[in-house]
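Next come the chains, spelled out residue by residue.
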Amino acid sequence: MTDYLSQSIFQPSIPTHLITDEDRRFFEAFSISIDPDGDDKVYLYAEDWCTAGVLPGEDPKDDIELSEDDLYDRFQEIIRRSNGELPWILKESSYSCSRMRPDGYGGSAVFITVDDVQFCSTSSWLEQRKHETESRDIGPEAVDSYLPLLREVFQALTT
C-alpha cells in the first residue's frame, strides 16, 4: 500500500492579538498546529495537511464542513483585522509518498492578501514548461524573459 503525505507551513508568524477563538477553531478543524514564536507571535504548521475540515456543532448534524477556500477566507479576515500589520500570509506545502511513484511528489504555494489568494503548484509549473518546450509555444510566464530577444529580432527585421 502506498501512503501519500503532505505537510504545510504558514508564514510569517502571526501576532497572537490577531487570532481569535474562532480562528483557533478553524485551525483545529484543519489540524493546523499552533506553536509560540517568541512572546507575542505564533507559528502555524500542519504535519498532515488536509484540504477539508469540520467545525463541530453542538449536535453532529450541526457540524459545518469547511474547504480550503473557507480557511483562506479566514486568513484574509486575520489580515484585514491587522490594519496593515500583517499584509500577507503564505502556505507552502510539500507532497511525498512512501513509494517512489511519479504522482507522489511535488509541492505548492498559496499567497494570501486581503484582496487575493494566488496558488501555484510545482506540477502545473512543470507541465507548463513541458508544453512550452514541446510545442515551442511561449507561455505568458516566459514572455518577460524573451522580450529583449524579441526586440532585437524586430529591430533587425525593420532596419
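Okay, so let's go over this structure. Treat the numbers as computed from the prediction; the structure is a model and nothing was measured.

### Comments concerning the overall build of the protein chain
- Helix and strand counts for the protein chain stand at four helices and eight strands.
- The linear arrangement of helices and strands in the protein chain, starting from the amino end, is β-α-β-β-β-β-α-β-β-β-α-α.
- Buried positions account for 30% of the 159 residues belonging to the protein chain.
- Counting only contacts in the protein chain whose residues sit at least 6 apart along the sequence, the fraction spanning at least 24 positions is 54%.
- Within the structure as shown, the protein chain displays about 10700 Å² of accessible surface, and the carbon and sulfur contribution to it stands at 52%.

### What about the nonpolar core?
- Residues I14, F27, I32, L44, W49 and F75 are the most contacted members of the largest nonpolar core, which totals 24 residues.
- Residue assignment for this core shows that the elements contributing at least two residues are β1 (4-15), α1 (21-29), β3 (41-46), α2 (68-81) and β7 (106-112).
- Here this core takes five residues from α2, the largest share from any one element.
- Residue contacts for L44: discarding those within four places in its chain leaves I9, F10, I14, F27, I32, S33, I34 and F75.

### Here's the deal with the side chain of D23
- Mapped onto the secondary structure, D23 falls in helix α1.
- For D23, a relative accessible area of 0% puts it in the buried group.
- D23 has contacts with L18, R74, I78 and R81, leaving out every residue within four places of it along the chain.

Each value, and the rule that gives it
Residues numbered from 1 in each chain as written. Predicted model: local features only at pLDDT ≥ 70, side-chain atom pairs only at ≥ 80, totals over all residues. Heavy atoms only, no water. Helix = DSSP H or I, 4+ residues; strand = E, 2+ residues; numbered from the N terminus. Buried < 20%, exposed > 50% of the residue type's maximum accessible area, 1.4 Å probe, protein only. Contact = heavy atoms within 4.5 Å. Areas by Shrake-Rupley, 256 points an atom, 1.4 Å probe, with all protein chains shown as cover. Core = buried A, V, L, I, M, F, W, Y, C linked by side-chain atoms within 4.5 Å.

Take it as geometry only, folks, not as evidence of what the structure does.
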